[in-house]
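In case you want the letters, here they are:
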Amino acid sequence: MSLPFRSPRLARRLGIAWTALVAAMLAAPIAITVAGAFSRSEWYGLRSEGAPVQGTAALFAYVLGLWGHHLLRSAQIVAVVAPLALLLGAPAAYAFRRLPFPGSRWLEAAAVAPLAIPGIVLAVALIETAGGAPRFALLAAGHLVYTVPLVVRTVGNALESHDPRLEDAARTLGAGWFGIVRRLVVPLLAPALVVSALLVFAVSWGEFNVSFLLATPRVQTFPAALYLTYTTNSFPVAAAATLVFLLPVIPVVAAIQALGGEELQRGAQP
Amino acid sequence: MRVDLQEVAFAYGRQEALAAVSLALTDGGITVVVGPSGSGKSTLVALVAGLLAPAAGRIVFAGRDMAAVPPEKRDVGVVFQSYALFPHLSVEDNVAFGLTTGRRRLPRRDLAPRVRELAALLGLTPLLARRPGELSGGERQRVALARALAPRPALLLLDEPLSALDASLRRQLRTEIAALLRRLGTTVLYVTHDQEEAMMLADHLVILQGGRVVQAGPPLELYRRPANAFVAGFLGEANLLPLAPSPAESGQLPLPGPGGSALPPADAEAAAAAAGGWLLIRPEDVVADERGAPAAVLEARCLGAFDRVVLRLAGGREIHAHLPAGTGPPPGATLRIAARRSHVIAAAARPRAITPLSDFSELTSDA
């Protein structure tokens, strides 16, 4: 489909120009940040003596020294949240789509609804209900609330594209419950499960609202820690930290695009 | 394997799908269940396969009640209407699926020969490495059949296996499947809405309407002696001439027999008893006869194999006739006709929700 432009060539050029402009607007801040991280200008860290440090390597070493353990904390959270979100979300999605029961549609809507709840509300609710729980568990729970719906959506949509009679066929061919899951359901849903896992990673890694409110000085994810020190650091430090934070996300986003751009788009809609 | 269904009932919520269906599948025979859409055919297949549990009644395989036996232990093969081929597996792995799991698992060394045997049987040998997505409709159908047959099931269920194919392919595959099933000698339950397919395949034909068995028997018996007007109209083109409501008048049949003779006395008697019922005359049983009843020719078309002629009897009733090709008189002419064979359907045999007579012309005209 195409709009009836009088000059297709002009239309194409306009199209290219427009998308280039949009892309530039979106990419510019990141580009400036990257440039900032590698700028050679002298900068000052938090050190009380205020001694100048010079060079990119020193800058990154400083950043890792300051935020390294928060980076590790973020990785730990993701490592816990991603498998849990899949284990909770995928079977739920299967139940909603393949074993519907009275009210299952409402329940599915409820399972996806947290995507629309502001993080601050959720964080307060979590502290209210389970404030005494270990902070790490509370953080993981907060991330799960935002990531399980993504899994439910992505896997549910993938299920929709497969004939529900496949499982019936496998049963009549002699496969039991375990055989059907192992030989049919998991392989068929593999792309959706991988995309889900990547989505969960991207969301959990970058989650700020809940993480910020639930953070304690000892248990902080990287984005929260980054925020707390942003204001007191020079631009190159902030830029370098942002870059370190951004690096793992780039291959993930690329993989999501390559594997299932469509699935992502449908899955991400609450 | 002999299979008995005894008073089997099923409902989807409050929507009744099958009501007290009883039928017997003879060992090694092909039983075809035919009925319009919504008559409960697919439900019947799912019940026999064990994918649904009957609300009432018993399903018995070779004397054994199947109530507690799940589908994976029933020793059935199913060809689904949508084929339900595993999209992530090659044709080879699809066919081998039933041989690699459950009770019918084969030792590895026997697996490949059996798959090759089925591939050869169904002409799939060049396609073994392909995925279902790369196959045509007819090829998918064959893979579905090969996959269902691979574990040598005691009972093969086919749920409208040809309905997704176009007409010419359907005709071709119908012939192939008929030959294959007869050669294999498996007990078969075949479900379809296509009466031609049903007549062609069935040893035993069951007519299902609104979740009930209307009539069951050999195909020709059902064709010639349908239990009611619905069966008559469903199995081919039918002239259904209403009989007079009073016994005395209903004995006077609208068409004479050949040579001006009365129709078989049994028919006349039955007609008297069936006051208010119908007289069924198949179009191919209407013949030109010098001593027959005069009828005006309204329309005549040569269809190659025969002439399809629409006539109007003196009483105003229309009647369709299939006359030998090239013998149909032109419209406007008068032709004397007789009925070579007829069958009386009693008024009481009308099922509760019968299709009105006026609809039969539509129903049968494209048969």
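Since the structure is predicted, the reported quantities are computational estimates derived from the model, not experimental observations.

Each value, and the rule that gives it
- Residues numbered from 1 in each chain as written.
- Chains lettered and ligands numbered in written order.
- Predicted model: local features only at pLDDT ≥ 70, side-chain atom pairs only at ≥ 80, totals over all residues.
- Heavy atoms only, no water.
- Helix = DSSP H or I, 4+ residues; strand = E, 2+ residues; numbered from the N terminus.
- Contact = heavy atoms within 4.5 Å.
- Areas by Shrake-Rupley, 256 points an atom, 1.4 Å probe, with all protein chains shown as cover.
- Buried < 20%, exposed > 50% of the residue type's maximum accessible area, 1.4 Å probe, protein only.
- Axes fitted to C-alpha atoms, helices over the stretch in contact; angles between N-to-C directions.
- Parallel < 35°, antiparallel > 145°, perpendicular 65-115°, else oblique.
- Left-handed = near helix turned anticlockwise from the far one by under 90°.
- pLDDT = per-residue confidence, 0-100.
- Pairing = 2+ DSSP bridges.
- Salt bridge = Lys/Arg side-chain N within 4 Å of Asp/Glu carboxyl O.

1. Considering the overall build of chain A
The number of helices and strands found in chain A is eleven helices and zero strands. Helices (α) and strands (β) of chain A occur, in sequence order from the N terminus, as α-α-α-α-α-α-α-α-α-α-α. Restricting the contact set of chain A to residue pairs at least 6 apart, pairs at least 24 apart contribute 74%. Summed over all atoms, the accessible surface of chain A reaches about 14600 Å², with 70% contributed by carbon and sulfur.

2. A few points about unusual backbone geometry
Residues and elements named next belong to chain B. Residue Tyr83 is not a glycine yet carries a positive backbone phi of 70 degrees. At Ala84, a residue that is not glycine, the phi angle is positive and equals roughly 50 degrees. Exposure remark for Ala84: the relative accessible area of 2% places this residue in the buried category.

3. Examining the packing of helix α3 (residues 108-122) of chain B against helix α4 (residues 137-149) of chain B
Residues and elements named next belong to chain B. Close contact between α3 and α4 brings their axes to 10 Å; oriented N to C, the two are set at 140 degrees. Classified by the angle their axes make, α3 and α4 are oblique. In the packing of α3 onto α4, the handedness of the crossing is right-handed. Along the contact surface, α3 presents Arg114, Leu118 and Leu122, while α4 presents Arg142, Leu145, Ala146 and Leu149.

4. Focus: the confidence of the model for chain B
Residues and elements named next belong to chain B. A residue-level look at chain B finds 87% of positions with pLDDT of 70 or above and a mean pLDDT of 85. Considering each helix and strand of chain B separately, the mean pLDDT is smallest for helix α11 (residues 357-365), with a value of 37, and largest for strand β6 (residues 76-79), with 96. Considering only residues more than four positions removed or in separate chains, one finds that residues 350-367, a stretch of pLDDT under 50, has 27 contacts. Prediction confidence for the complex, expressed as pTM and ipTM, is 0.79 and 0.82 respectively.

5. A look at the confidence of the model for chain A
All names here are of chain A. Considering every residue of chain A, the mean pLDDT works out to 83; 89% of them sit at 70 or more. Looking at the elements of chain A, mean pLDDT is at its lowest for helix α11 (residues 249-268), recorded as 68, and at its highest for helix α6 (residues 165-172), recorded as 95. When the criterion is pLDDT under 50, residues 45-51 qualifies, and its contacts beyond four places in sequence or with other chains add up to nine contacts. Predicted confidence for residues 264-270 stays below pLDDT 50, and this span has 13 contacts to residues more than four positions away or in other chains.

6. Brief notes about the sheet that holds strand β11 (residues 239-242) of chain B
Residue and element names in this part refer to chain B. Pairing in this open sheet of three strands is antiparallel, and the strands run β11-β12-β17 from one edge to the other. Either end of the sheet is taken by a strand with one partner, and the two such strands are β11 and β17 (343-345). Each neighbouring strand pair of the sheet contributes to a mean axis angle of 30 degrees, computed without reference to strand direction. Pairing analysis gives four bridges linking β11 to strand β12 (residues 278-281), with the strands arranged antiparallel. Bridge pairing in β12 links Pro242 to Trp278.

7. Some details on the pattern of salt bridges
One pass over the structure, following the stated rule, counts 18 salt bridges over all chains. Between Arg212 of chain B and Glu16 of chain B there is a salt bridge, with the nearest N and O atoms lying 3.8 Å from each other. Here Arg212 of chain B, found in strand β10 (residues 212-217), pairs with Glu16 of chain B, found in strand β2 (residues 15-25); they are 196 residues apart in sequence, far enough to count as distant. By relative accessible area, which is 32% here, Arg212 of chain B ends up partly exposed. In this structure Glu16 of chain B comes out as partly exposed when scored by relative accessible area, which is 47%. Residues Lys41 of chain B and Glu160 of chain B are paired through a salt bridge, measuring 3.4 Å at the closest nitrogen-oxygen approach. With Lys41 of chain B in helix α1 (residues 41-49) and Glu160 of chain B in the loop between β7 (155-159) and α5 (167-184), this pair connects stretches of sequence that are 119 residues apart. Here Lys41 of chain B falls in the buried class, since its relative accessible area comes to 4%. The exposure class assigned to Glu160 of chain B is buried, which follows from its relative accessible area of 7%. Because the salt bridges share partners, they merge into one network encompassing Arg97, Glu108 and Glu160 of chain A.

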